[in-house]
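Summary of the model geometry
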Amino acid sequence: MIHKAKPFLPIFLFFLSSVGSFVVAAPHRAHSQEDQKAHICTAQERVCLIGEMITLTAKIEKKVWRDQTYREIAKTLAFDGKFEKAVSIIDKIETPDTKAMTIRGIGMMLAAHNYSAAELDKKFAVLHTKANKIEHKASHGIALTYIAMAQAFAKDNEGAWKTCAIMKNEALRNKAYGETAEIQAERGNFKAAQKSTESIESPSFRNKSYETISRILADSALYDDALIAASAITNSYKKTQAIQYMLDKQNPRERLQNNEQKPFGD
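Everything in this summary refers to the structure shown in the same document. (Residues numbered from 1 in each chain as written. Predicted model: local features only at pLDDT ≥ 70, side-chain atom pairs only at ≥ 80, totals over all residues. Heavy atoms only, no water.)

Topic: the overall build of the protein
- Helix and strand counts for the protein stand at 14 helices and 0 strands.
- In the protein, which comprises 266 residues, the proportion classed as buried is 34%.
- Taking as baseline every contact in the protein between residues at least 6 positions apart, the subset at least 24 positions apart corresponds to 52%. (Helix = DSSP H or I, 4+ residues; strand = E, 2+ residues; numbered from the N terminus. Buried < 20%, exposed > 50% of the residue type's maximum accessible area, 1.4 Å probe, protein only. Contact = heavy atoms within 4.5 Å.)

This is how it looks when you write it as structure tokens:
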């Protein structure tokens, strides 16, 4: 019996069309993968990377970690000059004291840029608005203290004093003036630091502030100013401590042992 050969051509054509479909589809899939790779941030693309961090932070389950991460992102954005974007991060934070710390961080970063006085006023006004939304009283007070510190750091002393003055809680207000004075002293502006310290109502807190800024000024070798600050202290013990610190900074006693030098006057 003669068997008829099965048709070969249809099978071959089916096979060829299947391979063709695969060949056409394969480049399409490869192209999609390349597109995905093109969207990966490089180390130099800060905006891209920060955007990715914001997306990832929203997925952090533990609130304290999530809030802390948002805080650092906000500070980075402010440092990069993205003030509005940095401020928008504050609303994502749930913990009141972390909100306050974020406001501080953003405010401190303003000093990294050459903003005009008018621009600084606008930006600090925005931070005031955000601080006033904090319902927790202590955290609200701390936020205002941080704004005053940031204003002093940005050399906006008038703004810092205004911020301190609006604080209703005397203890927090005194603290704000004290913190502001320290930053002004660190920046070598003793007159501004003196004005801040004189605004402190509590004598004991004022003495503490003068002692602190006297030490800061002595560390910067501003000995005359350091002595004036020390002389303003009304507590005898604190006054002598401040003067002694200034003398030791001016001419360290420890160098006698290190260099085997004789004491002065011998």
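Further notes follow.
A word on the nonpolar core
- Among the nonpolar cores identified, the biggest contains 42 residues, and Ile 103, Ile 106, Leu 110, Phe 124, Leu 127 and Ile 147 are the most heavily contacted of them.
- Secondary-structure elements contributing two or more residues to this core are α2 (46-57), α3 (63-79), α4 (83-90), α5 (96-109), α6 (117-132), α7 (137-153), α8 (157-165) and α9 (170-186).
- When neighbours within four sequence positions are excluded, Leu 127 is seen to be in contact with Phe 83, Val 87, Ile 103, Ile 106, Gly 107, Leu 110 and Ile 147.
- The next biggest cluster of nonpolar side chains, apart from the first, holds 15 residues, and it includes Ala 181, Ala 226, Ala 230 and Ile 233. (Core = buried A, V, L, I, M, F, W, Y, C linked by side-chain atoms within 4.5 Å.)

Re the side chain of Ser 196
- By secondary structure assignment, the location of Ser 196 is in helix α10 (residues 190-198).
- Those residues in contact with Ser 196, other than ones at most four positions away along the chain, are Trp 161, Tyr 177, Thr 180, Ala 181 and Gln 184.

Side note on unusual backbone geometry
- Its identity is not glycine, yet Lys 155 carries a phi of approximately 65 degrees, on the positive side.
- By the secondary structure assignment, Lys 155 is in the loop between α7 and α8.
- With phi around 65 degrees, Ala 221 is a residue other than glycine that occupies positive phi space.
- Topologically, Ala 221 is positioned in the loop between α11 (203-219) and α12 (223-231).

Overview of the environment of Leu 49
- Secondary-structure assignment places Leu 49 in helix α2.
- Non-local contacts of Leu 49, meaning those with residues more than four positions away in its chain, are made with Cys 41, Thr 42 and Ala 43.

Focus: the environment of Ile 233
- Locating Ile 233 in the fold gives a position in the loop between α12 and α13 (236-250).
- Overall, the relative accessible area of 1% leaves Ile 233 in the buried class.
- Taking the C-alpha atoms as reference points, Ile 233 and Tyr 210, separated by 23 residues in sequence, lie 6.3 Å from one another.
- Apart from the residues lying within four places of it in its own chain, the contact partners of Ile 233 are Asn 207, Tyr 210, Glu 211, Lys 238, Lys 239 and Ala 242.

Looking at the packing of aromatic side chains
- Applying the stated criterion across every chain yields a total of 0 aromatic pairs.
- We note Arg 104 situated over the ring of Tyr 146; from NZ or CZ to the ring centre the distance is 5.6 Å.
- Over the aromatic face of Tyr 115 sits the side chain of Lys 123, whose NZ or CZ is 4.5 Å from the ring centroid. (Phe/Tyr/Trp six-rings, centres within 6.5 Å; stacked < 30°, edge-to-face > 60°. Lys NZ or Arg CZ within 6 Å of the ring centre and 35° of its normal.)

Topic: the pattern of salt bridges
- Applying the stated rule across the entire model yields 11 salt bridges.
- Of the charged contacts, one joins Glu 94 and Arg 66 as a salt bridge, the two residues approaching to 2.6 Å between their closest N and O atoms. Here the residue Glu 94 occupies a position in the loop between α4 and α5, and Arg 66 occupies one in helix α3, the gap between them amounting to 28 residues.
- Residue classification places Glu 94 among the partly exposed positions, given a relative accessible area of 47%.
- Ionic pairing is found between Arg 173 and Glu 201, a salt bridge with its closest N-O pair at 2.6 Å. Taken together, the positions of Arg 173 in helix α9 and Glu 201 in the loop between α10 and α11 put the pair 28 residues apart, joining distant regions of the chain.
- Judged by its relative accessible area of 13%, Arg 173 is buried.
- The class of Glu 201 is partly exposed, set by a relative accessible area of 44%.
- One network of salt bridges, in which partners are shared, links Arg 71, Glu 72 and Lys 75. (Salt bridge = Lys/Arg side-chain N within 4 Å of Asp/Glu carboxyl O.)

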